[in-house]
Amino acid sequence: MAVPKKKLYLRTFGCQMNVADSEQLAQVLASEYDLTQRPEEADLYLINTCAIRRKAEEKVKSLLGSLKFLKARRPQLIVGVGGCVAQQEGDRLLAAAPHLNLVFGTQAGRRLPDLVRRAAQGQRPVDIALRCGYEELPPRPWSPAPGQTLVTIMQGCDNFCTFCVVPYVRGREASREPAAIVRQVSDFLAAGGLEVTLLGQNVNSYGRGLAKPITFTGLLRRLSELPGLRRLRFATSHPRDLSDDLMVAYRQLPALCEHLHLPVQSGSNRILQAMNRGYSREEYLEKVARLRQACPGIAISTDLIVGFPGETEADFAQTLELMREAAFEQSFSFKYSPRPQTRAAGFPDQVPEEVKAARLSRLQARQDELTLAAHARLVGQVKEVLVEGLSKRSAKQLCGRLRTNQVVNFSGPRELVGRFTPVALTEAQPHSLKGTWALAHSPDLGGCPRQPQRRQHV
Ligand code: 5AD
Ligand code: SF4
């Protein structure tokens, strides 16, 4: 008789990359552990952590602290911390938490089952080795939302922006073999998948260092040929490495969604230089203008940091001004947070917390205006929505995304989840749009996958 599998509870913090990594962790453990949603029945409790800002790190540490109560009730429970904080802190975590059984870094991958076995035998293993090259792990057929998947195409980062801990905790850039990516995407599409998001810290440098060189745009072209692919997205792009070739691809590849996440971080040249970003505000704005010309209707989102060391009111005013010029559809904004090992943590003129907080709220007010204006421009149009599930606000409504990544809420039958359907956009709201289902009277729901038409451009 088959031995019942043990139970794994997996808690993930941070970015989409961590979400994709967690799926792989579940996969490497799948022969021994089934995932559970209930921590109280877990035999193994793993936390996949984020170290990008101090707040993220603090959340992890407080969750870890609270697990001592669960462990007191279930002494056989194995508790493990993995990912970026594990990579950064190593055995310091063991010293701080006596109930912690194992620590594994961002590249422990295949070694995890063995580490867990050693932990079960009473050892407290720590594995934070970083290697060169991409390690292929068994992908897990899994979706963040029906019909969608995340596909890691590269690991690590070689940019060393002075504020960022990623190069230290995720190691050197390494690209995944295109054949493995193509296989994973084909399998997903063969199973009825519709939307693929490619992930890497700096996707524009994809392909460097591979035995058979290929560019990021080359990869996009190969994936675009796969039958059934309706939407193709990627994150994150570095503005310095955004190629002319990619701009052309937006014109040519029907599945490539009209959305680009292009983190600018600051609108001041002095600060961009201190951040080691490798572009000026003028270069950034010029790329945005060319993108908007090459792909009319494209939505551009960005990341912004306020209160980087030495940022004056005049520097900050330039960021606000750049936001208006770029007319970002969406932005993610953060107070600068000094991170271990990074150069900026040692810079003079650190900005006081209250100044950072005040700038952040001014910046977010500016973005709210821009987002609302972008939503208002869409009102009156009928757009294709990929339905993700029930709306967070009201269970009576469905929620989905446009190709340009905006969230749309509308009323329709639950059978639309995981399908495309046209929605008439009726009302702009600060964080989403309201719409009405444009096929309410059609018997076939209108959600059948069909090949997108090649876009017309002027
Ligand atoms: N402090 C604040 N924000 C940061 N980011 C990265 N490092 C820091 C830091 N030390 C932000 C950047 C990046 C996003 C993922 O997180 O804007 O693009
Ligand atoms: Fe961090 Fe810069 Fe690399 Fe992005 S490009 S992960 S901000 S070092």
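Residues numbered from 1 in each chain as written. Chains lettered and ligands numbered in written order. Predicted model: local features only at pLDDT ≥ 70, side-chain atom pairs only at ≥ 80, totals over all residues. Heavy atoms only, no water.

A closer look at the sheet that holds strand β1 (residues 6–12)
For the record, the criterion: DSSP-based pairing: two strands are paired if at least 2 bridges between them are found. The secondary structure listing takes helices from DSSP runs of H or I that are at least 4 residues long and strands from runs of E that are at least 2 residues long, numbered from the N terminus. Contacts are assigned to residue pairs that have any heavy atoms within 4.5 Å of one another. Every axis corresponds to a line fitted to the C-alpha atoms, with the helix fit spanning only the stretch in contact, and the corresponding angles, defined between N-to-C directions, vary from 0 to 180 degrees.
Taken together, the 6 strands give an open sheet; going across it, the order is β2-β1-β3-β4-β5-β6, and neighbouring strands pair in parallel fashion. On the outer flanks of this sheet lie β2 (33–35) and β6 (126–127), each paired with one strand and no other. Across 3 bridges, β1 lies against β2 in parallel orientation. Residue pairing across strands places K7 opposite D34, the latter belonging to β2. Contacts between helix α1 (residues 16–28) and the sheet are confined to β1, β2, β3 (44–49) and β5 (102–104), with β1 contributing the most and set at about 170° to the helix.

Examining the site of ligand 1
Applied cut-off: By convention in this text, a residue qualifies as near a molecule or strand provided that one of its non-hydrogen atoms is within 4 Å of it. Within 3.5 Å is the distance limit for a polar contact, defined as a pair of N or O atoms, with the added protein rule that one can donate a hydrogen and the other accept it, and that residues adjacent in sequence qualify only through two side-chain atoms. The protein chains shown are the only cover counted for residues, whose accessible areas, like all others here, come from Shrake-Rupley with a 1.4 Å probe. All amino acids are sorted into three groups, where Ala, Val, Leu, Ile, Met, Phe, Trp, Tyr, Cys and Pro are nonpolar, Asp, Glu, Lys and Arg are charged, and the leftover types, Gly among them, are polar.
In the region of ligand 1, the neighbouring residues are I52, R53, F163, Q265, D303, I305, F334, K335, Y336, S337 and R339. D303 places a side-chain nitrogen or oxygen 2.6 Å from an oxygen atom of ligand 1. For ligand 1, the protein covers 86% of the area, taking 400 Å² as the surface of the free molecule. Of all elements in the fold, only β13 (299–306) and β14 (330–335) reach the threshold of two or more residues within the shell around ligand 1. The residue makeup of the shell around ligand 1, split by class, is 5 nonpolar, 2 polar and 4 charged.

Details of the confidence of the model for the chain
The predicted structure's coordinates, where accompanied by low pLDDT, should not be read in detail. Test applied: You can read pLDDT as the predictor saying how much it trusts each residue, on a scale of 0 to 100.
The predicted model of the chain has a mean per-residue pLDDT of 92, with 95% of residues at 70 or higher. Counted against residues more than four places away or in other chains, residues 443–458, with its pLDDT under 50, gives 38 contacts.

Examining the packing of aromatic side chains
This is how it is decided: Working definition: rings of Phe, Tyr and Trp (its six-membered ring) pair if their centres are within 6.5 Å, and the pair is stacked with planes under 30 degrees apart, edge-to-face with planes over 60 apart, and tilted otherwise. Only protein chains enter the accessibility calculation, which uses a 1.4 Å probe; a residue is then buried when its area is under 20% of its type maximum, exposed when over 50%, and partly exposed in between. Each ring is checked for a lysine NZ or an arginine CZ that lies within 6 Å of its centre and within 35 degrees of its normal; such an atom marks a charge sitting over the ring.
The tally for this structure, following the rule as stated, stands at 8 aromatic pairs. Considering the side-chain rings of F216 and F234, the 4.9 Å spacing of their centres and the 80° angle between planes classify their relative orientation as edge-to-face. Of the two residues, F216 sits in helix α8 (residues 216–224) while F234 sits in strand β11 (residues 231–235), which places them 18 residues apart along the sequence. Pair check on accessibility: F216 and F234 agree, each one buried. Summarising the aromatic geometry, the rings of Y279 and Y284 are spaced 6.0 Å apart at their centres and angled 35° between planes, so their arrangement reads as tilted. A relative accessible area of 8% means that Y279 is categorised as buried. Connected via pairs of aromatic rings, a cluster forms that spans F163, F308, Y336 and F347. We note R53 situated over the ring of F334; from NZ or CZ to the ring centre the distance is 3.6 Å. Over the ring of F420 we find R230, and its NZ or CZ is 3.9 Å from the ring centre.

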